[in-house]
Amino acid sequence: MNLDYQTEGARVSTIHHAVRREHAEPEAGDEPVRFVWLLIGAALLIAGGGVLGTYSGGFSQDQTYAFAYYSGAGPRPPGANGDDGSAKGPWIDVWMAEGKKVYGNCVACHQAGGSGMAGQFPPLVGSEYVDGGTKRLAAILHKGLMGPITVGGQSFNTPNLMPAWNTLSDEKLAQVATYIRRSFGKLPEGESGVVTTEMMKSAREEFSGLPSPLPTSELAKLDPAAHLPGDQVDLETGDSIGAVPADGEEKKVP
Amino acid sequence: MSSTSPGASPQDMQERAAIDRSVRFPVMFFFTSAAAWLFAATILGMVAALKLRVPTLWDACPWLSFGRIFPAHMDALIYGWAMQAGLGIMIWMMARLTRVGLRNATYIIVLGHIWNFGVALGVLAVWSGFGNSRTWLDFPSMLWPMLAATYVLIVVTILVMFRVRRDGPVFISEEYLVAAAVWFPWVYITANLVLGAKGSAVMSAGVTVWYMQNLLYFWFIPIAVAIAYYIVPKVVGRPIYSYPLAKFGFWTLAICAGWMGFQRFYGGPFPAWMPAVGGASTIFALIGITAIAANLFYTMQGKFSLMQFSPSLRFSLFGMAMLLLFAVLSALKSFIGISKYLQFNLFELGLDTLAIYGVFSMAAFGAIYFIVPRITGCEWPHGGWIRRHFWFSTYGILTVLVGMFAAGLSQGASLDAWDTPFEVSVKVAKPWIVALVLGWIFIAYSNLGFFWQLALMFVGKGRRSEGPTLMHVAPGEAASAEQAANVAKGTAHA
C-alpha cells in the first residue's frame, strides 16, 4: 500500500543518524524448543499440580480451609471465648473433639478404642497411667517411653518405644490428654479429667531435664497419683474456676 | 558513513524515517506526559512512604493522609506513567514492525488528552477523598467507561496497523503488543463490571486482586517482553534465538495468566480451590517466563559486554532480569508454607513495585532511550545522566524490594502467631519502612536527569552528533578505541 507519508521522500542524507545506523527490523531464528525446556516445564507443572492438589480441597464450593493454615493451634479454641460459642455447645465438647483429632496421631499403635495390641503396644483402657495422676501421663506424652513396663496386668518388653510428642503444642497435648482420660480412663468420683494448656505448659518446664525417650525406670520414680498444678475449669464455658482439685488431691501437688 | 548499518538500503532508511515522522507527535506526547506523571507519582510515593514511617507527620491535613496519598501515588504511577509510556511504545514499535505509518496523528493526540484528563480527574478524586478504596481501581466508578473507551479507541489504530501489515513473518513483539492491546480492556472492563454489580463485598476484594495480577501479567509484562524482544536484536544485530521457544513462552503466559490473583488470599473466606488455582497458575506461568529469559539469554550470548554501552539494552535486559526475579518470587509465594509469612503484608507492596518499576518501567526506559532520538532527530544530551538514571533506579527498586521483604517477613511472622496482638505486627515492620522512603528518594533522584533530558529532547535541544549517546562516553569526547570499533562494526547502538 502506498500511504501519504511514504511519498514525503526525505533524502537519505537528511535522515537522522540514529535511523541510519540501526540494524534492520528484527527477525527470529527457528531453533527448535529443546527437550530441556520441556523438562523444566514438566517440573513446574508438577509443582503447580502439587499446589492444586494439596490446597484445592477437592474443588468443593464449601471447603474454605483445605490445609492447616495456622502453624500453632487454631486461631482460638473454638467456642472457648468465640463469638458463636453457644452454637457449638459446651466448651468441653469442643475440647474433646479437638482432642480426638490429635488422638489421630496415636491410633496406629493404641488403636481407636484405646485397646492397644497385646504383646506390642500397651492399652489405654484400664491403664493405671491413664487412670492415675496427670503428671505421669504428661511425662510420657512429652518425653516418650522406652523399656520394660507393666500396664493393666500385662507386661510389655518390646523394642517398640513410644516417641516423644513434645513437638505438638501444649494446647494440643492438653486436648489429647483430656480426650484419653475422659474416653478411656476410669476417673475417681468428682474428677473431670480435664487437662488444661496451662497444666501441660508446667509439665513441659518441669520435665525439660528428663531424657527422651524416657526410660521406664525414670518413670517409676514419679508419684503415680500426682497431678499437674493448675486451675480447674468450668466445663460449660472453659473459664477457670480456681484451684479446686478433686478430693484428696492437694497433698500430692507439690 | 562509518555509522551506517551494513546492509541497510537507502529505501529501508527512508521508510524507517518516514514511519518515525508519522508517529512522532503522538509518541512524544505520550512520553512527555507519562514522564510528568512519573514525576508526580514519585513525589507522592515519597510522601506516602514517609507517612507510613511517621504516621503523625502533618496529621492535621487530610490531603496528606496515607489513605489518600498512597492510592493517588499508585494510580498516578499505573495509569499516568506506565500506561501512557506503554501506549507510546506500542504505537511506535507496531508502526516500525508492520511498516505501516500512522495516518492520523491528531486522532491519537486528542485521545491522549482525554486519557490524561480522565486520569487527572481520577487521581484528584482519590486525593480529595472520593476514591473507592479498591486497590488500583480507586477511581470513582463513573470514570472507568471513559478510560476504557479512550484506551480502546487508541489501540484500535494499533490493531489496524497489524491488520494491514506488510507481508512477511510476524515478529514475536507484534504478538505481545496485539495481545496486550486487547487484554487490558478485557481485564479492566470485566473487573469494573463485576465490581459494579452489587455482589458480595468479600468477592469484590477477590475481583480486585484478580485485576491487579492480570494487569501485571496481561499488560505490563507482555509490553516489557515485547520491548526486550525488539531492542535486543536491534542493538546486537542478531535474530532472536528461537521463534518456537518465543511462541511457547507467549502461549504459556496467555493460557496461565488469567487464572491468577486469588493466591493473594490463601486462607481467606473463599472456596479453597480459588486461591489454589491462582497459586498453581502462577507456578505454571513461570514456565513461560523461563522460556523468555532463556531465549533472550541465548540471543545475547557472547554479546553481554554491549550492555556496558547501550542504555536501551541495559535498561531493557535489567527489566527482564527483574521479570525472572518477580516470577520466581511470585511462584514461591504460591506455596502456603511461604505465603503465610509473605501475604497480607508489606512484601506484596514490594512485589507489586518490583513488577511496575523494576520490570515494566525499566524496560520502558530502555525503549524510550531507543525511540526518542529517532523521532526527535537529536541524541540524548548526557551519558552520565543515563548512567545515574540506571544505577539509582536499580538501587531504588532493590532497596524497596529487600526492605519490604524484611518488613513483610517480620510482619507475617507476627501475624501468624495468633496470640500476639495485631499492633505488634505493625511495630515490628516499622523500622524497615525506612527502606521504602529511601527507595523512593533514590528513584526520584534517578529520574530527575531523565525528566531534564527528555525535556531537552522535546524542545529539540539534544546533542547534535553522528554517534549515539552511550553510557560510558562523555558528550563531545572521542569514543574510546573499543567503542569506536563497536560503532564502526555497527554493533553499538543507543
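Note that the structure is a prediction, hence the values are computed from the model and not measured.

Caption draft 1: Main features of the overall build of chain A. Along its length, chain A carries nine helices and four strands. Ordering the α and β elements of chain A from the N terminus gives α-α-α-α-α-α-β-β-β-α-α-β-α. Residues counted as buried form 30% of the 254 residues belonging to chain A. Intrachain contacts of chain A at a sequence separation of at least 6 include 66% that bridge at least 24 residues.

Caption draft 2: Examining the overall build of chain B more closely. When helices and strands are tallied, chain B shows 15 helices and zero strands. For chain B, whose C-alpha radius of gyration is 22 Å, the value lies close to the compact-globule estimate of 23 Å for 494 residues. Once the C-alpha set of chain B is aligned to its principal axes, its extents read approximately 75 × 45 × 40 Å. Relative to its full complement of 494 residues, chain B shows a buried share of 60%.

Caption draft 3: Spatial organisation of helix α3 (residues 91-102) of chain A. Residues and elements named next belong to chain A. Here α3 is 12 residues long and its end C-alpha atoms lie 17 Å apart, about the 16 Å a rise of 1.5 Å per residue gives. Burial in α3 covers these residues: Trp91, Ile92, Trp95, Glu98, Gly99 and Val102. Down the axis of α3, the sector holding all buried residues measures 125°, keeping them to one side. Each element contacted by the buried residues of α3 is listed here: α7 (170-184).

Caption draft 4: How the structure looks around the domain arrangement of chain A. In terms of domain boundaries, chain A breaks down into domain 1 (36-67) and domain 2 (85-241 + 247-251). Relative to domain 2 of chain A, the C-alpha centre of domain 1 of chain A lies at a distance of 38 Å.

Caption draft 5: Looking closely at helix α14 (residues 433-458) of chain B. The terminal C-alpha atoms of α14 of chain B lie 37 Å apart, and with 26 residues this matches the ideal 38 Å at 1.5 Å per residue to within 8%. At the exit of α14 of chain B stands Gly460 of chain B, carrying a positive phi of roughly 75°.

Caption draft 6: Here's a closer look at the confidence of the model for chain A. Residues and elements named next belong to chain A. In the predicted model, chain A carries a mean pLDDT of 78, and the fraction of residues at 70 or more is 80%. Within chain A, helix α1 (residues 17-21) has the poorest average pLDDT of any element, 79, and α7 the best, 91. Confidence over residues 1-9 falls short of pLDDT 50; this stretch has 12 contacts with residues more than four positions distant or in other chains. Scored below 50 in pLDDT, residues 71-76 makes 11 contacts in the model with residues more than four places away or belonging to other chains.

Caption draft 7: Looking closely at the nonpolar core. Membership of the largest hydrophobic core comes to 196 residues, with the highest contact counts inside it found for Ile91, Phe220, Ile223, Ala224, Ile227, Ala228 and Val359 of chain B. In terms of residue count, the dominant contributor to this core is helix α6 (residues 201-236) of chain B (24 residues). If near-sequence neighbours (up to four positions away) are discounted, Phe220 of chain B is found in contact with Ala82, Leu215, Ala355, Ile356, Val359 and Phe360 of chain B. One finds Val130, Val176, Val195 and Val233 of chain A within the second-largest nonpolar core, a separate group that totals 27 residues.

Caption draft 8: Geometry of unusual backbone geometry. A cis amide bond, omega -5°, links Ser212 of chain A with the succeeding residue Pro213 of chain A. Counting through the fold element by element, Pro213 of chain A comes out in the loop between α8 (197-206) and β4 (214-215). For Phe59 of chain A, which is not glycine, the phi torsion reads 55° and is therefore positive. Tracing the sequence through the fold places Phe59 of chain A in the loop between α2 (35-55) and α3. At Phe344 of chain B, a residue that is not glycine, the phi angle is positive and equals roughly 60°. By the element assignment, Phe344 of chain B lies in the loop between α10 (336-342) and α11 (346-376).

Caption draft 9: Quick look at the packing of α7 of chain A against α8 of chain A. Residues and elements named next belong to chain A. Look at α7 against α8: their axes get within 8 Å of each other, and the N-to-C directions meet at 110°. Considering the angle they form, α7 stands roughly perpendicular to α8. In this structure, the crossing between α7 and α8 has a hand that is right-handed. For the pair α7 and α8, the contacting residues are Asp170, Glu171, Leu173 and Ala174 in the first and Thr197, Met199, Met200, Lys201 and Arg204 in the second. Partitioning the contact of α7 with α8 into residue classes produces four nonpolar, one polar and four charged.

Caption draft 10: Here's a closer look at the environment of Ala49 of chain B. Residues and elements named next belong to chain B. Topologically, Ala49 is positioned in helix α1 (residues 10-53). As a C-alpha pair, Ala49 and Met90 span 41 residues in sequence and 32 Å in three-dimensional space. Residues contacting Ala49, with those up to four places away along its chain left out, are Ile433, Leu436, Val437 and Trp440.

Caption draft 11: Layout of the packing of α3 of chain A against α7 of chain A. Residue and element names in this part refer to chain A. The contact between α3 and α7 brings their axes to 7 Å, and the two run at 100°. Accordingly, the angle class assigned to the pair α3 and α7 is roughly perpendicular. Residues Trp95, Met96, Glu98, Gly99, Lys100 and Val102 of α3 pack against Lys172, Gln175, Val176, Thr178, Tyr179 and Arg182 of α7.

Caption draft 12: Here's a closer look at the confidence of the model for chain B. Residue and element names in this part refer to chain B. For chain B, mean pLDDT is 90; residues scoring 70 or higher make up 94% of the total. Here residues 474-482 is a poorly scored stretch, pLDDT under 50, and it has 10 contacts once near neighbours within four places are set aside; other chains count. Model confidence for the complex is summarised by a pTM of 0.74, with the ipTM given as 0.82.

Caption draft 13: Main features of the environment of Gly122 of chain B. Residue and element names in this part refer to chain B. Its place among the elements puts Gly122 in helix α3 (residues 105-127). For Gly122 and Gly408, which are 286 residues apart along the polypeptide, the C-alpha to C-alpha distance reads 30 Å. What Gly122 contacts, discounting residues up to four positions off in sequence, is Asp75, Phe139, Pro140 and Leu143.

Caption draft 14: Region of interest: the environment of Ser127 of chain A. All names here are of chain A. For Ser127, the location among the structural elements is in the loop between α4 (107-110) and α5 (128-131). The buried category is assigned to Ser127, around which 21 C-beta atoms lie within 10 Å. In sequence terms Ser127 and Ser115 are 12 residues apart; their C-alpha atoms lie 9.8 Å from each other.

Parameters at a glance
Residues numbered from 1 in each chain as written. Chains lettered and ligands numbered in written order. Predicted model: local features only at pLDDT ≥ 70, side-chain atom pairs only at ≥ 80, totals over all residues. Helix = DSSP H or I, 4+ residues; strand = E, 2+ residues; numbered from the N terminus. Buried ≥ 20, exposed ≤ 12 C-beta atoms within 10 Å, placed from the backbone. Contact = placed C-beta atoms within 7 Å. Rg over C-alpha atoms; globule rule 2.2 N^0.38 Å. Expected span 1.5 Å × (residues − 1). Arc of directions from axis to C-beta. Domains from an automatic or database assignment. pLDDT = per-residue confidence, 0-100. Core = buried A, V, L, I, M, F, W, Y, C linked by C-beta atoms within 7 Å. Axes fitted to C-alpha atoms, helices over the stretch in contact; angles between N-to-C directions. Parallel < 35°, antiparallel > 145°, perpendicular 65-115°, else oblique. Left-handed = near helix turned anticlockwise from the far one by under 90°. Nonpolar A, V, L, I, M, F, W, Y, C, P; charged D, E, K, R; others polar.

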